[in-house]
Amino acid sequence: IFFKYLPFGVELLKYADDILAYIGGNTFGNIPQEIVDAVQRRCVDNKMRLNVGKCKMIFINPPRVLG
C-alpha cells in the first residue's frame, strides 16, 4: 500500500502510472519534500525508476479577497 510512505494528511489520486498528491491548508512546512521522498522510497522498494523529467510540483493558492 502506497499510503504507508506518505505523511499524514496527504491525499493521493492514482491513474495508470500517474499519481497526484495534494494537501490542503495554509501551512505545508516540509510536507512537499516529504511527499517527494515518499515517492522515491516507494520506487526504490519496488525496483522502479522515477522519471524525474516528467515530475512537476505545482503550488496553488486561493484567490485573495480585495477590500
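First things first, this report covers the structure right here in the doc. (Residues numbered from 1 in each chain as written. Predicted model: local features only at pLDDT ≥ 70, side-chain atom pairs only at ≥ 80, totals over all residues. Heavy atoms only, no water.)

## Observations regarding the overall build of the chain
Our working rule: Put simply, DSSP marks the helices as runs of H or I at least four residues long and the strands as runs of E at least two long, and each gets a number from the N terminus on. The size measure is the radius of gyration over C-alpha atoms, and the globule rule it meets is 2.2 Å times the number of residues to the 0.38 power. When a residue's accessible area, from a 1.4 Å probe over protein chains only, is under 20% of the maximum for its type it is buried; when over 50% it is exposed; and in between it is partly exposed. Contacts are assigned to residue pairs that have any heavy atoms within 4.5 Å of one another.
Summing up its helical and strand segments, the chain has one helix and two strands in all. Here the C-alpha radius of gyration of the chain, 14 Å, is well above what a compact globule of 67 residues would show, namely 11 Å. Referenced to the eigenvectors of the C-alpha coordinate spread, the extents of the chain come out at roughly 55 × 25 × 20 Å. Sorting the 67 residues of the chain into buried and exposed places 18% on the buried side. Residue pairs at least 24 apart in sequence account for 36% of intrachain contacts in the chain once pairs closer than 6 positions are excluded.

## What about the nonpolar core?
Condition: We define a nonpolar core as any set of buried Ala, Val, Leu, Ile, Met, Phe, Trp, Tyr and Cys residues linked to one another through side-chain atoms lying within 4.5 Å.
Grouped together as the largest cluster of nonpolar side chains are seven residues: Tyr5, Leu6, Val10, Leu12, Ile31, Ile35 and Ala38. When sequence neighbours within four positions are dropped, the list of residues in contact with Leu6 reads Leu12, Ile35 and Ala38.

## Brief notes about the pairing of strand E1 (residues 11–15)
Here is the rule we go by: When DSSP finds at least two bridges between two strands, those strands are taken to pair.
As defined by bridge partners, E1 adjoins strand E2 (residues 18–22) across five bridges and the pair is classed as antiparallel. Its bridge partner being in E2, Lys14 is matched across the sheet by Ile19. Linking two consecutive strands that pair antiparallel, namely E1 and E2, is a turn of two residues; a positive phi of about 50° is found at Ala16 within it.

## Quick look at the environment of Asn46
As a reminder, the rule being used: Polar contact criterion, stated in full: a pair of N or O atoms within 3.5 Å, where within protein one must be able to donate a hydrogen and the other to accept it, and residues adjacent in sequence count only if both atoms are side-chain atoms.
Along the chain, Asn46 turns up in the segment after helix H1 (31–45). Its relative accessible area of 38% is what places Asn46 among the partly exposed residues. Taking the C-alpha atoms as reference points, Asn46 and Ile60, 14 residues apart in sequence, are found 31 Å from one another. Among the polar contacts made by the side chain of Asn46, one reaches the main-chain carbonyl oxygen of Arg42 at a distance of 2.9 Å.

Read these as geometric descriptors, not functional statements.
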